[in-house]
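For reference, the chains in residue letters:
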Amino acid sequence: MTWLSTLRGRLFLLVCLATLPAILFTFFVAQAERAAALERAELDALHLAHLASREHSNQIEGARALLLWLGHKLAQEGETSPIITEPSFLPALLAGYPQLANIGVLSPEGRVLASAYPLPRFPNMADNPAVAAALESTDVATGTYVVGPIVHRPVVNLAYAVRDGGGRARLIVFDAVGLEWLTAMAARVEVPREVSLVLTDRTDRVLVTSGVDHPELPDQGSMRISGVAELSRSRRGKLLRVDGAEDPRFFVAAPLGRGSNIFVAVGLPYDQILDRANQVFYRTLVGLVLLTVFTIVAVFVSAELAVLRRLRALAQTVRRFGKGELGARARVSGGAHELAALGRTFNDMADSLAARHGEALEAESRLRALSARLQVA
């Protein structure tokens, strides 16, 4: 007789069949939780990218408002304004705008008349995109991120042409928004060290990182992340190869403002995210296994106490009765359950058989007495 043909084996098989739907459902929930953990990490990274985009817009708007104020002041005071004549004016103004890399005044020909960033000799800025656009516009013109000819680091220049009554440009006031705000924002929102926060241009060249040291990434000046511009047009993340790095990283990206050619990309350590998601998955599976084992043990213990023990006692009583111990009776507990009814039925049957056996013995005794009398006669 195989083990599965026993009552315990069949009970184990029934428990397994009963818990199979719960196992499949829990496995599905664990897989869904794993996918949700990955999606949460992706959404958090995308939120950080949009936060950087809004921060950049705020920096540009602040630089634009400053230029309008300076232009209005220069329009009233002309070249005798303290903005140009007082060497300490622009440096003091720059100190109040830490997001700016420089503030200055140009002639219409691009010659630097005043600059908050001190240099013994200033290059001509006539070919600067923002300056050239300002000469053609009556509003503040915004350029693209370039390596500033004065500060020698990636900046975006804004320029505003101060015009006379005839509309001719008299002066050009400009400022330069640096990228240090990215590092400050990363520190303010407590970006984890393993997260890369970078700005790239439309050629996928990395302009600046968040300032956090990433040993696995190459030097900023030679770093390129192919595919950031295309990635920014979707709201999904993707594994991208960083030039010079051994392993790809999981990036999400967003443009810095509407129509911008600069993109902020948030790089996540995909292996670590996957490990955390797998930990959630494995914890759920371990919990499922423990719950299943506990269920099986509880069922067997309950069956042992409530069913199997009584059935063994009844079987032993039946064997004793079968060997001729006609006084053997099953212990019957109170209640109307099936085992109690089975015990009572056996006892009734045993009583009936014992009575008939007694009657048979009595009849046998009478037959013997009759036989003896017949022999005497």
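Procedures and definitions
- Residues numbered from 1 in each chain as written.
- Predicted model: local features only at pLDDT ≥ 70, side-chain atom pairs only at ≥ 80, totals over all residues.
- Heavy atoms only, no water.
- Helix = DSSP H or I, 4+ residues; strand = E, 2+ residues; numbered from the N terminus.
- Buried < 20%, exposed > 50% of the residue type's maximum accessible area, 1.4 Å probe, protein only.
- Contact = heavy atoms within 4.5 Å.
- Areas by Shrake-Rupley, 256 points an atom, 1.4 Å probe, with all protein chains shown as cover.
- Core = buried A, V, L, I, M, F, W, Y, C linked by side-chain atoms within 4.5 Å.
- Pairing = 2+ DSSP bridges.
- Axes fitted to C-alpha atoms, helices over the stretch in contact; angles between N-to-C directions.
- Arc of directions from axis to C-beta.
- pLDDT = per-residue confidence, 0-100.
- Salt bridge = Lys/Arg side-chain N within 4 Å of Asp/Glu carboxyl O.
- Patch = residues over 30% accessible without salt bridge, like charges linked within 9 Å, V, L, I, M, F, W, Y side chains within 5 Å.
- Polar contact = N/O pair within 3.5 Å; in protein donor to acceptor, adjacent residues only side chain to side chain.

Caption draft 1: Fine view of the overall build of the chain. Counting secondary structure elements, the chain contains eight helices and 10 strands. Here the chain holds 377 residues, and the buried ones make up 38% of them. Of the contacts made within the chain by residues no fewer than 6 positions apart, 52% connect residues no fewer than 24 positions apart. Counting every atom, the chain has about 21600 Å² of accessible surface; 58% of that belongs to carbon and sulfur.

Caption draft 2: Quick look at the nonpolar core. Of all hydrophobic cores here, the largest spans 51 residues; its most connected members are Ile 103, Trp 181, Leu 199 and Val 266. Of all the elements, helix 1 (residues 7-77) adds the most residues to this core, at 12 residues. Ignoring sequence-local partners within four residues, the contact set of Trp 181 consists of Ala 52, Glu 55, His 56, Gln 59, Tyr 145, Leu 199 and Leu 256.

Caption draft 3: Expanded view of the environment of Gly 322. Relative to the helices and strands, Gly 322 is located in helix 7 (residues 270-322). A relative accessible area of 64% means that Gly 322 is categorised as exposed. The sequence separation of Gly 322 and Ala 350 amounts to 28 residues, and the corresponding C-alpha distance is 10.0 Å.

Caption draft 4: Region of the structure containing the environment of Ala 52. Checked against the element boundaries, Ala 52 lands in helix 1. Excluding anything up to four places from it in sequence, Ala 52 contacts Trp 181, Leu 182, Met 185, Leu 256 and Val 264.

Caption draft 5: Layout of the environment of Phe 89. With respect to the element layout, Phe 89 can be found in helix 3 (residues 89-95). Given the relative accessible area of 22%, Phe 89 is considered partly exposed. Here Phe 89 is in contact with Trp 69, Leu 70, Lys 73, Pro 82 and Ile 83, once residues within four sequence places are set aside.

Caption draft 6: Looking closely at the pairing of strand 6 (residues 196-200). Within strand 6, five of the five residues are buried, which leaves the element mostly enclosed by the surrounding structure. Residues Ser 196, Val 198 and Thr 200 point to one face of strand 6 and Leu 197 and Leu 199 to the other, with burial holding for every one of them. Of the pairings in the sheet, the one linking strand 6 to strand 10 (residues 263-268) comprises five bridges and is antiparallel in character. Paired with Val 198 across the bridge in strand 10 is Ala 265.

Caption draft 7: Main features of the sheet that holds strand 4 (residues 154-163). Read from one edge to the other, the open sheet built from five strands follows the order 2-1-5-4-3, with strand pairing classed as antiparallel. With one partner strand each, in any of the chains shown, strand 2 (112-115) and strand 3 (141-147) form the two edges of the open sheet. Mean inter-strand twist for the sheet, computed between neighbouring axes without regard to direction, equals 25 degrees. Two elements, strand 1 (residues 100-106) and strand 2, share three bridges in a ladder whose sense is antiparallel. Residue Gly 104 lies in a different strand from strand 2, and its bridge partner there is Ser 115.

Caption draft 8: Helix 5 (residues 180-188), seen in detail. Along helix 5, the residues classified as buried are Trp 181, Leu 182, Met 185 and Ala 186. Around the axis of helix 5, the buried residues are gathered within 140 degrees of arc, so they sit on the same side. Structural note: helix 5 exposes Ala 187 and Arg 188 on the side pointing more than 90 degrees away from its buried face. Glu 190 occupies a position one or two residues after helix 5 and carries a positive phi of about 55 degrees.

Caption draft 9: A look at the confidence of the model for the chain. On average, the chain scores 78 in pLDDT, and the residues at 70 or more come to 87%. Note on residues 211-221: pLDDT under 50 across the span, and 23 contacts to partners over four residues away in sequence or across chains.

Caption draft 10: Just the pattern of salt bridges, in detail. Overall, the coordinates contain five salt bridges when judged by the stated rule. Residue Glu 364 pairs with Arg 368 through a salt bridge whose shortest N-O separation is 2.7 Å. Of this pair, Glu 364 and Arg 368 both sit in helix 8 (residues 338-376), four residues apart, roughly one helical turn. By relative accessible area, which is 35% here, Glu 364 ends up partly exposed.

Caption draft 11: Highlighting a nonpolar patch on the surface. A grouping of Val 289, Val 293, Val 297 and Val 301 is seen on the molecular surface, where their side chains present a nonpolar patch of about 330 Å² in accessible area. Considering the arrangement of structural elements, one finds Val 289 in helix 7.

Caption draft 12: Spotlight on the side chain of Ser 115. Within the element layout of this structure, Ser 115 appears in strand 2. Among the polar contacts listed, one links the side chain of Ser 115 to the side chain of Asn 102, at a separation of 3.1 Å. Separated by 3.0 Å, the side chain of Ser 115 and the backbone oxygen of Tyr 117 make a polar contact. Filtering out sequence-adjacent residues up to four positions away, Ser 115 remains in contact with Leu 90, Asn 102, Ile 103, Gly 104, Phe 122 and Ile 150.

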